[in-house]
Amino acid sequence: MPSTTAPPLEPYVPPPQTKENLDWASLEALDLSLLSQPGGKQALAEQVLSFINKNGFFYVTNHGLTATQINRQYAIAKALFALPLDEKLKYICDTASGDFRGYKPQSTGKLSGRDNDERYNIPKFTPEHERAHPQIIRDHYEEIREFSLHIHDKILLPLLRLFAYVLEIDDEEALANLHRYDEPGLEYLRYMIYHPRPAADDAAVGNIWAKGHTDYNTLTFLFYQPVAGLQVLSPDGVWRYVRSEPDAIIVNIVDALEYLSGGFLKSTVHRVVRPPGDQVSESRLGLIYFARPEARVAMRPLESPVVERVGSRLDGKYVRALEGVTAEEWARARIAKDHRFRTGVVDQPERDIIAGVPQQYYD
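The rules behind each value
- Residues numbered from 1 in each chain as written.
- Predicted model: local features only at pLDDT ≥ 70, side-chain atom pairs only at ≥ 80, totals over all residues.
- Heavy atoms only, no water.
- UniProt positions renumbered as here; feature names shortened; annotations may be inferred.
- Helix = DSSP H or I, 4+ residues; strand = E, 2+ residues; numbered from the N terminus.
- Rg over C-alpha atoms; globule rule 2.2 N^0.38 Å.
- Contact = heavy atoms within 4.5 Å.
- Areas by Shrake-Rupley, 256 points an atom, 1.4 Å probe, with all protein chains shown as cover.
- Lys, Arg positive; Asp, Glu negative; His and termini not counted.
- Charge placed at Lys NZ, Arg CZ, Asp CG, Glu CD.
- Polar contact = N/O pair within 3.5 Å; in protein donor to acceptor, adjacent residues only side chain to side chain.
- Buried < 20%, exposed > 50% of the residue type's maximum accessible area, 1.4 Å probe, protein only.
- Pairing = 2+ DSSP bridges.
- Salt bridge = Lys/Arg side-chain N within 4 Å of Asp/Glu carboxyl O.
- Phe/Tyr/Trp six-rings, centres within 6.5 Å; stacked < 30°, edge-to-face > 60°.
- Lys NZ or Arg CZ within 6 Å of the ring centre and 35° of its normal.
- Axes fitted to C-alpha atoms, helices over the stretch in contact; angles between N-to-C directions.
- Parallel < 35°, antiparallel > 145°, perpendicular 65-115°, else oblique.
- Nonpolar A, V, L, I, M, F, W, Y, C, P; charged D, E, K, R; others polar.

Labelled according to an unreviewed UniProt entry, the protein chain appears under the name Fe2OG dioxygenase domain-containing protein, originating from Aspergillus calidoustus. Quoted verbatim from the Sequence similarities (unreviewed entry) field of the UniProt record, the comment on the protein chain reads "Belongs to the iron/ascorbate-dependent oxidoreductase family."

Written as C-alpha cells, this is what we have:
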C-alpha cells in the first residue's frame, strides 16, 4: 500500500510555548517504566488512587515514543491538511451514521461557530477498516501503523492492566481483554487542526472552540501540542489550562472506562478555548489517539471489590438502560448526535444519546 517513491516531508517544528501567565491545572505523571521494576505497579496504583477523584487528566512519561517519531506524525498531518479541499473531500467520513473514519471538514458560514476544526481519523490497521486514503497517508502507511500499534500495545494495554489492579479485579487482563486490537472496534488515530479565527468571530461564541464535554471512548491520548487552549473542569468548578509537556502524553479518562469501572474512574470534563494572545495566530495542530472497547463489548460495569466497598457511582437507571447496548452502538450514537448539531440538522445540542441516557453539557 505505501509508495516507494514518497517525496520528503517538510519537517515539523512545534511552535513555542506561551509566555502568558495562565492558570494551569496541576497534573500527576505516571512513569510507565516503573511497571517493569519491583514494586513499581503498586507505587503507580497508589499514585492513581491519590489523584483519581481530583482530576481525570494525567501525564504518561517514559512511553517509548521519541520526539522524532511524534514530530513525523505531525509532519504527515500538516501535509495532509495542506491538500486541496476537493482532494480531502474524496475521503469524507459518514458521521451521519456514526462513522468517524476518514476526513471531517471545517464548518463554514453560519455554522462555523459550532465547528472550527478539520480532522482525519485513521482506524485500526485491520481488514475490517481497509479503505482508500490520500496519497500522503499511503506514502507513510507503515510508519503510521507502527506508531498506532505502539500506542495500543505499549501504552494503552499497560494502563488498562494498571487500572484493573487499582480496581482489585482478580484478572488483571480484564480491561485489556476488552480492547484486543484484532477484534472489530472503532479505535483510531486522529490528525486534527483548529484554525485561527478573527477576534469578533471567537467573541460571538464566548471564545470557545470546543464546548465543555466528555469523550465517549476508554482513554484519550493527546500528544505534545504547545498552543494553549485545552482546559479541564477542576473539582472546584474552575476551568484550568492543561499544559502540554514535550516528553509526556496527556491522557484523559473517558465515558466507557467510567462505565466499566462502575464510576470509580471518572470521565474528564474538558474544552478548548481561544489561545492566548501570543499564540492566537497559530494553527492548533493536534495528534490524538482514541482507545475504544471492542465493538461487541457490553456497556456494563465489571465486578470490582473496590466498587463493592465504596458503591457504584453511576446512576442505576442509566446502567440498566445500557445493559443491552454495545460499545459500538454507544459510540455511533454519540457521533451521529454531534453530527446533527454540527451540520445544522438541529439547532440545539441533543441531550439523549441512546436508550434514554443523556449527555451532560458544560458552559
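Caption draft 1: The overall build of the protein chain, seen in detail. Helix and strand content of the protein chain: ten helices and 14 strands. For 363 residues, the compact-globule estimate of 2.2 N^0.38 gives 21 Å, and the protein chain sits close to it at 20 Å. The C-alpha extent of the protein chain, read off along each of the three principal axes, is 55 × 45 × 45 Å. For the protein chain, the share of sequence-separated contacts (at least 6 apart) that also reach a separation of at least 24 residues comes to 78%. If you sum the accessible surface of the protein chain, you get close to 15700 Å²; carbon and sulfur atoms cover 50% of it. Charged side chains of the protein chain number 41 positive and 50 negative; the gap between the two group centres comes to 4 Å.

Caption draft 2: Representation of the environment of Gln-360 within the structure. Looking at where Gln-360 falls in the secondary structure, it is placed in the segment after strand S14 (357-358). As a C-alpha pair, Gln-360 and Glu-350 span ten residues in sequence and 9.7 Å in three-dimensional space. Of the polar contacts made by the side chain of Gln-360, one reaches the side chain of Tyr-362; its length is 3.2 Å.

Caption draft 3: Just the UniProt feature "domain: Fe2OG dioxygenase" (unreviewed entry) in the protein chain, in detail. If you check UniProt for "domain: Fe2OG dioxygenase" (unreviewed entry), the listed places come out as residues 185-293 in our numbering. A distance of 7 Å separates the end C-alpha atoms of residues 185-293, which is 11% helix and 38% strand.

Caption draft 4: Looking closely at the pairing of strand S12 (residues 284-291). Most of S12 sits inside the fold, with eight of its eight residues counted as buried. Here S12 shows no split at all, with Arg-284, Gly-286, Ile-288 and Phe-290 on one side and Leu-285, Leu-287, Tyr-289 and Ala-291 on the other all buried. Pairing of strand S5 (residues 188-194) with S12 involves seven bridges; the strand directions are antiparallel. Within S12, the position partnered with Tyr-194 by the bridge is Arg-284. As paired elements, strand S7 (residues 219-222) and S12 share four bridges and run antiparallel to each other. Paired with Phe-221 across the two strands is Tyr-289, which belongs to S12.

Caption draft 5: Highlighting the pattern of salt bridges. Taken as a whole and judged by the stated rule, the model has 26 salt bridges. Between Arg-119 and Asp-117 there is a salt bridge, and its shortest N-O distance comes to 2.7 Å. Classification of Arg-119 as buried rests on a relative accessible area of 16%. Arg-180 is the salt-bridge partner of Glu-294, the closest N and O atoms lying 2.8 Å from each other. Residue Glu-294 is located in the loop between S12 and helix H8 (305-310), and its partner Arg-180 is located in the loop between helix H5 (141-166) and S5; the two are separated by 114 residues in the primary sequence. Connected via shared salt-bridge partners are Lys-104, Asp-115, Asp-117, Arg-119 and Arg-342.

Caption draft 6: Region of interest: the packing of aromatic side chains. All told, the structure shown has eleven aromatic pairs when counted by the stated rule. Ring centres of Phe-51 and Phe-58 lie 5.7 Å apart, and the angle between their planes is 45°; this geometry places the pair in the tilted category. Between Phe-147 and Phe-223, the aromatic rings sit 5.3 Å apart at their centres with planes inclined by 45°, giving tilted as the arrangement. Residue Phe-147 is found in helix H5, and its partner Phe-223 is found in the loop between S7 and strand S8 (230-233); the two are separated by 76 residues along the sequence. Here the two residues Phe-147 and Phe-223 agree in accessibility, since each one is buried. Of note, Arg-190 hangs over the ring of Phe-100, and the distance from its end group to the ring centre comes to 4.9 Å. The aromatic ring of Trp-24 is capped on one face by Arg-243, whose charged end is 4.0 Å from the ring centroid.

Caption draft 7: Just the side chain of His-270, in detail. Along the chain, His-270 falls in strand S11 (residues 270-273). Engagement of the side chain of His-270 in a polar contact is seen with the backbone oxygen of Thr-268, the distance being 3.0 Å. If we ignore the near neighbours within four places in the chain, the residues touching His-270 are Phe-57, Lys-211, Gly-212, His-213, Thr-214, Asp-215, Leu-230, Gln-231, Val-232, Trp-239 and Asn-252.

Caption draft 8: The sheet that holds S12, seen in detail. Ordered in space as S1-S2-S10-S7-S12-S5-S4-S3, the eight strands form an open sheet in which the pairing is mixed. Single-partner strands in this sheet number two, and they are strand S1 (29-31) and strand S3 (102-104). The average angle at which neighbouring strand axes cross in this sheet is 25°, direction not considered. Summarising the sheet, strand S2 (residues 57-61) and strand S10 (residues 249-253) pair through four bridges and their orientation is antiparallel.

Caption draft 9: Representation of the packing of helix H1 (residues 40-51) against H5 within the structure. Here H1 crosses H5 at 75°, and the two axes come no closer than 10 Å. Classified by the angle between their axes, H1 and H5 sit roughly perpendicular to one another. Each of Lys-41, Gln-42, Leu-44, Ala-45, Val-48 and Leu-49 in H1 lies in contact with H5, whose residues at this interface are Leu-162, Phe-163, Tyr-165 and Val-166. Residues of the contact of H1 with H5, tallied by class, amount to eight nonpolar, one polar and one charged.

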